Number of protein chains: 2
Amino acid sequence: MGPDARPWRFDFAVADDAGGTPRHVQLARALVREIQRGRLAPGARLPGSRTLAASLKLNRKVVVAALDELVAQGWLEALPARGTQVAQSLPAMPVADAQPVRARGARGSTTNAVRFTLNDGIPDARLAPLDVIARAQRRALTTLGRSGLGYSDPAGDPVLREVLAHFVNQARGLACKPEHVLVTRGSQMALSLLALTLVERGDVVAVENPGYVPGWRAFEFAGASILHVPVDAQGLVVDVLEAKAKRLAGRLKAVYVTPHHQYPTTVPLSPERRMQLRALAEKLGFTIIEDDYDYEYHFDGTPLLPLSAAASSRRGTVYVASLSKLIAPAVRLGYIVADSALTARASAVREILDRQGDIVLERAIAELIEDGELQRHARRARQIYRERRDVMLTLLRSDPRLRSMLEVRPPAGGLAFWLSASETVDIRAWAQAAAARGVGLTPGSAHLASGNVRAFRAGFASLTPDELAVVVDLLGASLEETTPTATDRKSSHAPSRRSRRLAG
Amino acid sequence: MGPDARPWRFDFAVADDAGGTPRHVQLARALVREIQRGRLAPGARLPGSRTLAASLKLNRKVVVAALDELVAQGWLEALPARGTQVAQSLPAMPVADAQPVRARGARGSTTNAVRFTLNDGIPDARLAPLDVIARAQRRALTTLGRSGLGYSDPAGDPVLREVLAHFVNQARGLACKPEHVLVTRGSQMALSLLALTLVERGDVVAVENPGYVPGWRAFEFAGASILHVPVDAQGLVVDVLEAKAKRLAGRLKAVYVTPHHQYPTTVPLSPERRMQLRALAEKLGFTIIEDDYDYEYHFDGTPLLPLSAAASSRRGTVYVASLSKLIAPAVRLGYIVADSALTARASAVREILDRQGDIVLERAIAELIEDGELQRHARRARQIYRERRDVMLTLLRSDPRLRSMLEVRPPAGGLAFWLSASETVDIRAWAQAAAARGVGLTPGSAHLASGNVRAFRAGFASLTPDELAVVVDLLGASLEETTPTATDRKSSHAPSRRSRRLAG
């Protein structure tokens, strides 16, 4: 605590009957109440997490998670190597009321408005190091000088290309040079440039089904026919791809995959399937386009290296990644790693479509990667998102209205769950009921070429634990309303036989 | 002057034999010497332009032009409604030595490096209100809130669309609504989106020849055949277009024109040709794509309104403009004004190619237009560029090695001259000799579909008067080297018969 603050006595006991609310969320709420009551003043230094954990008789991990959440929410400020203090300007929103941040937007009344979107897995822009980026942009302006603000290379800032090459080689096992890197405005532009460079009318591009539809649109727009290949618990079913490819007489130009955490189902492509896919690519001569959209976010175990890491040369594999998932969707920065010839051709297309990128942002991000600043942010965000995943998991598994109707498996990484519902659930009706309660929920069929799937994607990363609690509660209420017979809420809290089968 | 500064006595007399150096440049140099000698300290307030003009017995316009240049170069700072003061941090480069800024870049030695590029007419990024934009971006971050940093409308920030609609209606006589506006990243993306939306394989798009080749590439990339139509002193020769169109049997989908200041020749499309072109568009049913890339920069007389202003509805005319020419090429912001159906289709294409723009920059620019800040910058820049055009004109007409070999007509607007050379000049050899002296010069043939033209585009706006003096001197020396027999330098300073004929 600061020398000028009164000694702070804080009593806190975990309530074990708090309806599944995790301990660190309970602690965070209690701390917010202390701040709101004025017992912790702005600027007051908090005891270290070890001290706090000891005095409250809690696991230190719980304390660290609570402090991290409060830093993320703006109640506390992290002091470099000196713990935390109460923020000088406090958030307007009382977290203790579990009132959603998004309900307080400029639109006024929230009645019938979407207060929460169970998005497809976007990061929490409230955590984004926007000030750090803004300062780096100012420095970049100085470094570039005003004469550096003319026309520049359509392949991107040469400094960023060098830094990215080093970064993906170090962190992801690629073996590329700066000339293999093309900086784009997010992964959508990367996919479009590849499509417009690789595809000729009549070519076929195979995709995962369910899959990332905006990616399909890029290939279709370039004139490709789309071949939909099913996905199972191991990711893309390569046997089916092989069987279908045989009938295409060499027209299969590329296979577009999300091997790290398959979009939307979140499953990693298994090592066997990876080997099988690479062998098939070599045999049939198609290009593997690997969309590694959230490599940073892996929570359990060691992540598999990208497919592109194993390729002995750049030929045959194209790597696509994005920094938008690391920072915020509004910060548009992605990149392609491919062989020099393809990079040069895609760069020529980029010049036609967009002339060049944002040189100031690119140089700023180069500096932040070189200094390890973005990596530090990634580590911090990863920790917070892991906690949020665990909170969401606990909430979903403990809600009596939901736990019997949903198969809830925690994703090993990424920013969303893929929730499968039991047969009695009408997802479309559920989504409508949820919308009436202010929760946006997109049925998983949106990611399918055709037909229906009784599942949906539920992004957890952009919501705080308190917001997640509100959302899960509203989801439960909406589900109960649309499938009243299926609830076992009043009879028992134990999973039904059906849900046990689904989860097995 | 500031209260804490010693009284400043400044004697200055215009030298009428200063080899064509304009009065305001002489004055600016004299003021820089005062600063360098320490007689004017950082922070010292200068007398108002009226006082200074009276005491130095100069026209006030000359004084204002000199002060504007010094503000642009960073020697002085403009005080809002309070005149100017000496900048707190002075530029490293002694302007009085007429040493080029670009030679002092990070690359070290400038021997054989391009020190000046006679570009195709880019603005001076040193004048760009980058601090003002950066501050507006910070405010936009606050206004948008972190929840505003998710995915946004691919057609652009709704606030900017509204502001731009109001702006082009007020300032350029258009009659559009926000839903007619699509915000892009510069005019290149605007042209590509239009091409990919309007053009089907086999369609023909007519363009000016010479013309803006990156625009042609956008239409070709979308599958169009390009029809090249000549340009004369009235702009696009519509008679030729009509004759050629007759043979196309309805395949002419669009005509891409730069009517305000034709690129690269700078001539405005005459009122008669405009009427003729509109009538032909109505008769044949093609779309006019009007690229109004530098409407802000018109120096003499009242500019003609855009073609799109006269169109009674949005149908049949598409308007493309850019803010990059107003600020700096690195600030990528352009827009399309078209009928709602076309805007919606182009917006869907934009979503595939680029998802969305930079919402923070877009909101910031919206604010700066609404506050009149960008318009104020445009007025200031216009005044400076008019002066630089006049300086360039004087320098070209007074250089004994150049004046007999070049036809120098001042453009009524825009940021470049189109310089035609006499028959004895080998432009390619001249360009090589200039490159050896560090001056980049692109022969005008680069803007032609085929063949040669004995002319080239010379951007003046990004160079200060002192830099222009250096460039013109180097151009003269290079020309003399490549065409030694044609110079009349030693015999007489009067224009030769040939040059008088060319200029007539």
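Residues numbered from 1 in each chain as written. Chains lettered and ligands numbered in written order. Predicted model: local features only at pLDDT ≥ 70, side-chain atom pairs only at ≥ 80, totals over all residues. Heavy atoms only, no water.

### Comments concerning the sheet that holds strand S7 (residues 235-236) of chain A
Residues and elements named next belong to chain A.
- One open sheet accounts for eight strands, arranged S4-S11-S10-S9-S8-S5-S6-S7; its pairing is mixed. Two strands bound the open sheet, and with one partner strand each, they are strand S4 (181-184) and S7.
- One ladder, built from four bridges, connects strand S8 (residues 252-257) with strand S9 (residues 287-291); its direction is parallel. The partner of Ala254 across the bridge, within S9, is Thr287.
- The sheet contacts of helix H8 (residues 238-246) involve strand S5 (204-209), strand S6 (225-232), S7 and S8, and relative to S6 the element is tilted by about 150°. (Pairing = 2+ DSSP bridges. Helix = DSSP H or I, 4+ residues; strand = E, 2+ residues; numbered from the N terminus. Contact = heavy atoms within 4.5 Å. Axes fitted to C-alpha atoms, helices over the stretch in contact; angles between N-to-C directions.)

### Some details on the packing of aromatic side chains
All names here are of chain A.
- Applying the stated criterion across every chain yields a total of twelve aromatic pairs over all chains.
- Relative to Tyr263, the ring of Tyr212 lies with its centre 5.1 Å away and its plane at 85°, an arrangement referred to as edge-to-face. Placement of the pair is Tyr212 in the loop between S5 and helix H7 (213-221) and Tyr263 in the loop between S8 and helix H9 (271-284), with a sequence separation of 51 residues.
- The structure contains a cluster of three or more aromatic residues connected by ring pairs, namely Tyr212, Tyr263 and Tyr293. (Phe/Tyr/Trp six-rings, centres within 6.5 Å; stacked < 30°, edge-to-face > 60°.)

### Here's the deal with the domain arrangement of chain A
All names here are of chain A.
- Partitioning chain A into domains gives domain 1 (3-86), domain 2 (117-124 + 381-503) and domain 3 (185-354).
- Tallying the contact residues gives twelve residues for domain 1 and eleven residues for domain 2.
- Where domain 1 abuts domain 2, roughly 940 Å² becomes buried across the two surfaces, and 56% of that area is made up of carbon and sulfur atoms.
- For the interface between domain 1 and domain 2, the tally reads one salt bridge.
- Taking the shortest distance from any N to any O, the salt bridge between Arg29 and Asp466 comes out at 2.4 Å.
- Our count for the contact surface shared by domain 1 and domain 2 stands at two residue pairs in polar contact (both at pLDDT 80 or more).
- Secondary-structure elements contributing two or more residues to the side of domain 1 that touches domain 2 are helix H1 (23-36) and helix H3 (60-73).
- Looking at the side of domain 1 that touches domain 2 element by element, the count peaks at six residues for H3. (Domains from an automatic or database assignment. Buried area = accessible area lost by both parts, 1.4 Å probe. Salt bridge = Lys/Arg side-chain N within 4 Å of Asp/Glu carboxyl O. Polar contact = N/O pair within 3.5 Å; in protein donor to acceptor, adjacent residues only side chain to side chain.)

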